[in-house]
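Chain and residue survey
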There are 2 protein chains.
Amino acid sequence: MEIQGLHGRLLADLGPAITSGEIPEGSVLRSEELEARYGVSRTVVREAVRVLEAMRLVASRRRVGTTVQPREAWDVFDPLVIRWRLAGADRGAQLRSLGALRIAVEPVAAGLAAGLATADHCRELSALAVELTVTARSGDLRAFLRHDMAFHALVLRASGNEMFAHLADAVGAVLAGRTEHELMPHHPAEYAVALHREVAEAVCAQDGAAAERAMRGIVTGALEELAPSDPV
Amino acid sequence: MEIQGLHGRLLADLGPAITSGEIPEGSVLRSEELEARYGVSRTVVREAVRVLEAMRLVASRRRVGTTVQPREAWDVFDPLVIRWRLAGADRGAQLRSLGALRIAVEPVAAGLAAGLATADHCRELSALAVELTVTARSGDLRAFLRHDMAFHALVLRASGNEMFAHLADAVGAVLAGRTEHELMPHHPAEYAVALHREVAEAVCAQDGAAAERAMRGIVTGALEELAPSDPV
DNA sequence: TGACCCCAAAGGTATGACTTATTCAAGCCA
DNA sequence: TGGCTTGAATAAGTCATACCTTTGGGGTCA
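Residues numbered from 1 in each chain as written. Chains lettered and ligands numbered in written order. Predicted model: local features only at pLDDT ≥ 70, side-chain atom pairs only at ≥ 80, totals over all residues. Heavy atoms only, no water.

**Considerations on the overall build of chain A**
- Each helix and strand in chain A was counted, giving eleven helices and three strands.
- Helices (α) and strands (β) of chain A occur, in sequence order from the N terminus, as α-β-α-α-β-β-α-α-α-α-α-α-α-α.
- Judged by the C-alpha coordinates and their principal axes, chain A covers about 65 × 35 × 30 Å.
- Per-residue burial for chain A yields a buried fraction of 52% across its 232 residues.
- Residue pairs at least 24 apart in sequence account for 66% of intrachain contacts in chain A once pairs closer than 6 positions are excluded. (Helix = DSSP H or I, 4+ residues; strand = E, 2+ residues; numbered from the N terminus. Buried < 20%, exposed > 50% of the residue type's maximum accessible area, 1.4 Å probe, protein only. Contact = heavy atoms within 4.5 Å.)

**Thoughts on the interface of chain B and chain A**
- Residue-level contacts link 45 residues of chain B with 45 residues of chain A.
- Summed over both sides, the interface between chain B and chain A buries roughly 3600 Å², with carbon and sulfur atoms accounting for 63% of that surface.
- The tally of links between chain B and chain A comes to six salt bridges.
- The partner of Glu47(A) in a salt bridge is Arg46(B), and the shortest N-O contact between them spans 2.7 Å.
- Summed over the shared surface of chain B and chain A, the number is 14 residue pairs in polar contact (both at pLDDT 80 or more).
- Where the side of chain B that touches chain A is concerned, the elements lending two or more residues are α3 (42–54), α4 (79–87), α5 (91–116) and α8 (162–166) of chain B. (Buried area = accessible area lost by both parts, 1.4 Å probe. Salt bridge = Lys/Arg side-chain N within 4 Å of Asp/Glu carboxyl O. Polar contact = N/O pair within 3.5 Å; in protein donor to acceptor, adjacent residues only side chain to side chain.)

**A closer look at the sheet that holds strand β3 (residues 65–68) of chain A**
All names here are of chain A.
- If you walk across this open sheet you meet the three strands as β1-β3-β2, and the pairing is antiparallel. Across the chains shown, the open sheet's two edge strands, defined by having one partner strand only, are β1 (28–29) and β2 (58–61).
- Strand contacts of helix α3 (residues 42–54): β2 and β3, with the helix running at about 120° to β2, the strand carrying the most contacts. (Pairing = 2+ DSSP bridges. Axes fitted to C-alpha atoms, helices over the stretch in contact; angles between N-to-C directions.)

**Section: the protein's contact with DNA strand C**
- Residues in close proximity to DNA strand C total 23 residues, the closest being Leu6(A), Arg42(A), Arg61(A), Arg62(A) and Arg46(B).
- Counting only the atoms of DNA strand C that lie within 4 Å of the protein, the sugar and phosphate share comes to 64%.
- Ser41(A) places a polar main-chain atom, nitrogen or oxygen, 2.8 Å from a phosphate oxygen of DNA strand C.
- When residues of the surface near DNA strand C are traced back to their parent elements, those giving at least two are α1 (5–19) and α3 of chain A together with α3 and β3 (65–68) of chain B.
- Per-class residue counts for the surface near DNA strand C are five nonpolar, seven polar and eleven charged. (Near = heavy atom within 4 Å. Nonpolar A, V, L, I, M, F, W, Y, C, P; charged D, E, K, R; others polar.)

**Thoughts on the state of the cysteines**
Residue and element names in this part refer to chain A.
- The full count for this structure, using the stated rule, is two disulfides over all chains.
- Residue pairing for Cys 122: its cysteine sulfur links by disulfide to Cys 204, the two sulfurs lying 2.0 Å apart. The S-S bond linking Cys 122 to Cys 204 shows a torsion near 115°; that makes this disulfide right-handed. Highlighted residues: Cys 122 in helix α6 (residues 119–138) and Cys 204 in helix α10 (residues 190–204), separated in sequence by 82 residues. (Disulfide = S-S within 2.5 Å.)

**Points about the sheet that holds strand β2 (residues 58–61) of chain B**
Residues and elements named next belong to chain B.
- Taken in spatial order, the three strands of this open sheet run β1-β3-β2, and their pairing is antiparallel. On the outer flanks of this sheet lie β1 (28–29) and β2, each paired with one strand and no other.
- As paired elements, β2 and β3 share four bridges and run antiparallel to each other. Of the residues in β3, the one forming a bridge with Ser 60 is Thr 66.

**Overview of α10(A)**
- In this model α10(A) runs 21 Å from its N-terminal to its C-terminal C-alpha over 15 residues, within 8% of the 21 Å that 1.5 Å per residue would give.
- Taken together, the buried positions of α10(A) are Ala192(A), Val193(A), Leu195(A), His196(A), Val199(A), Ala200(A), Ala202(A) and Val203(A). (Expected span 1.5 Å × (residues − 1).)

**Points about the protein's contact with DNA strand D**
- Close to DNA strand D lie 22 residues; Arg46(A), Arg63(A), Leu6(B), Arg61(B) and Arg62(B) are nearest.
- Within 4 Å of the protein, atoms of DNA strand D come from sugar and phosphate in 77% of cases.
- One of the side-chain N or O atoms of Arg50(A) is found 3.3 Å from a phosphate oxygen in DNA strand D.
- At 2.8 Å from a sugar or linking oxygen of DNA strand D is found a side-chain nitrogen or oxygen belonging to Arg63(A).
- Elements supplying a minimum of two residues to the surface near DNA strand D: α3 of chain A together with α1 (6–19) and α3 of chain B.
- In terms of residue class, the surface near DNA strand D is made up of five nonpolar, six polar and eleven charged.

See below:
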């Protein structure tokens, strides 16, 4: 997944530095300076800058240099930007944003999936619901996480909407981040697991409204656990 | 907005060619060939390719070349990818995807906005609702579109969620595409305009549930007009 | 048949020369 | 004084070329 080559390394260094605020908005990076700092050639610097520019993290102008853009300009849907922000100081804000996005998207995706899911989808979803139940009871958080990610990714894929499907990674990152940061109880709440079973059943029964309702319960519950006060 | 420079021109040429399927999945582009075809230097080709690679439209490998990726790999949230697809053969699929995304996001955004909107937001939203009513009645579709885009963008911004806010352009593109392609009745449906007024009122009254309900009415209605049969 | 090796092909990197746009300031005119 | 023109400095943009590195594929040999 990681971009290879020197420009990839540069990108992996500059990107997080910008999204974390270490290089603040308005900073000016000059090519020559970057060449010297990283000991690479113009070619490499230019390619990395071009990619950052496509993400709207920076903007280069002649005679001025490459300016770090204000955060409102950033392409916050770019997978790399999301990952960098989740790994850095912005983690909290990013998790809240994604939480709201989940609230919006996942219930609708579940509703659509109920109308489109194949028999295979249904089987896999049911199996995952069982796994979730088992691993929640045994307290195996790692396995629970793995199945939880698979469950949500499957629903998003089964929705038949490519944009929803592409949010699977981001949703997975949220779930993973929650577990990594010990924001999960040692045994996942039973009500949440029950809701997952409900989603699976509703999808298999092609009951879109029920699937949507159950999924809405899951995501709103998740956000409340994360930030009880401020649901933005 | 458009990226300047030769690499920008290359990008603006290759991007649409790929998203439209003119250059099909699996095609291999060699740098040398692109240099010749566009009469530009290695530098320029490489920078353009690097950006396309960041969008996951292509992947380059040594000894092989730059391969066009399958559409499932594309970063479908990238603003440029969205624009290119809307402008090309994929227009229909892209509009349906975005329609579903609107159904998911806009009601939630309206609900959040009700809890966060400032007095200024409220004033502007109410003013836009009035404009919508007037221009709908007079049949001035161009002005109606302009205010409609402003209305939805404002709600998304007022939601306080940066990811929602960034969808404003995409939503605007959907609305614009609808008008451009004569998919609108000459006089926008009165029920839709009434729902816009309801959203404005609910947001001003800080009634999140009502705002969400009214907005849901708008977006589901919009999608049904667009594709009565298949709401994916 | 299969394992191994070698080479050519294509991208990756480095570098120097040159071009072009843009800012900033000095100078000029009103 | 104030605004306008002009010119020089600067940093990005482009080009051409040379060389490095990886890797797929074909050929060889056991």
